[in-house]
Amino acid sequence: SRYVAWALTDFSDKEFMEHVQAKKARAFVFQFKMRSVNQAFLKGIISNMPYLRILAVGISQFEELPRSIRSLKHLRFLDLSNNAHIKSLPFTICELLNLEFLLLDGCKQLEELPLEIYKLINLRFLSLTTCQKSLANTMFNRLPSLRHLCFISCNRLVSLWANNDVGCLTSLGS
């Protein structure tokens, strides 16, 4: 199967792996809010579905995205939105060079973006909720493909980049 939409809320990691044999799946989508998702479950998705282009685990609850996310080389769309527990993203997310859409809105506990997020050279859309005061150290203003940038409920944010340097962000909104 190429597309997996997961709608069960009560299952074990073992049950998931038994039910989903989709090595060539291109999309994995949670259908509705998951209580708590553990690392083993997320690692299972990543290791068993290496050709994913879409990973939508928004409104699920987990504290940490596995570093193995780097192995999803074809990933273009990553939805982590409305996760009330995630505090940071692994630095390996910056190795997803084909990533075009990153949804982090509603991640109210997100303390910081990876410093090398500017390496996501194909990122076109970024929506974000963060506790950070400044994004200057992330140099996200060096994202050459970024067209849409949405800040949602970033109550502490006071600075986006140093010295009013918009960098490569000259095509926002076009």
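The coordinates are above.
Report follows, based on the coordinates. (Residues numbered from 1 in each chain as written. Predicted model: local features only at pLDDT ≥ 70, side-chain atom pairs only at ≥ 80, totals over all residues. Heavy atoms only, no water.)

What follows concerns the overall build of the protein. Each helix and strand in the protein was counted, giving 2 helices and 7 strands. Here the protein, with 174 residues, has 42% of them falling under the buried criterion. Taking the intrachain contacts of the protein between residues at least 6 apart in sequence as the baseline, contacts between residues at least 24 apart amount to 50%. (Helix = DSSP H or I, 4+ residues; strand = E, 2+ residues; numbered from the N terminus. Buried < 20%, exposed > 50% of the residue type's maximum accessible area, 1.4 Å probe, protein only. Contact = heavy atoms within 4.5 Å.)

In this section: the environment of Leu123. By the secondary structure assignment, Leu123 is in the loop between strand E5 (101-104) and strand E6 (125-128). Sequence separation between Leu123 and Leu143 is 20 residues, and the spatial gap between their C-alpha atoms is 7.0 Å. Residues within four places of Leu123 in sequence aside, it is in contact with Leu99, Glu100, Phe101, Leu102, Leu143, Ser145 and Leu146.

Moving on, we get to the nonpolar core. For soluble globular proteins, nonpolar side chains are generally found buried alongside one another. Among the nonpolar cores identified, the biggest contains 42 residues, and Leu55 and Leu104 are the most heavily contacted of them. For this core, the secondary structure elements donating two or more residues are strand E2 (27-30), helix H2 (39-48), E5 and E6. It is H2 that contributes the most residues to this core, 4 residues altogether. When sequence neighbours within four positions are dropped, the list of residues in contact with Leu55 reads Phe28, Ile45, Ile69, Leu72, Leu75, Phe77, Leu78 and Asp79. (Core = buried A, V, L, I, M, F, W, Y, C linked by side-chain atoms within 4.5 Å.)

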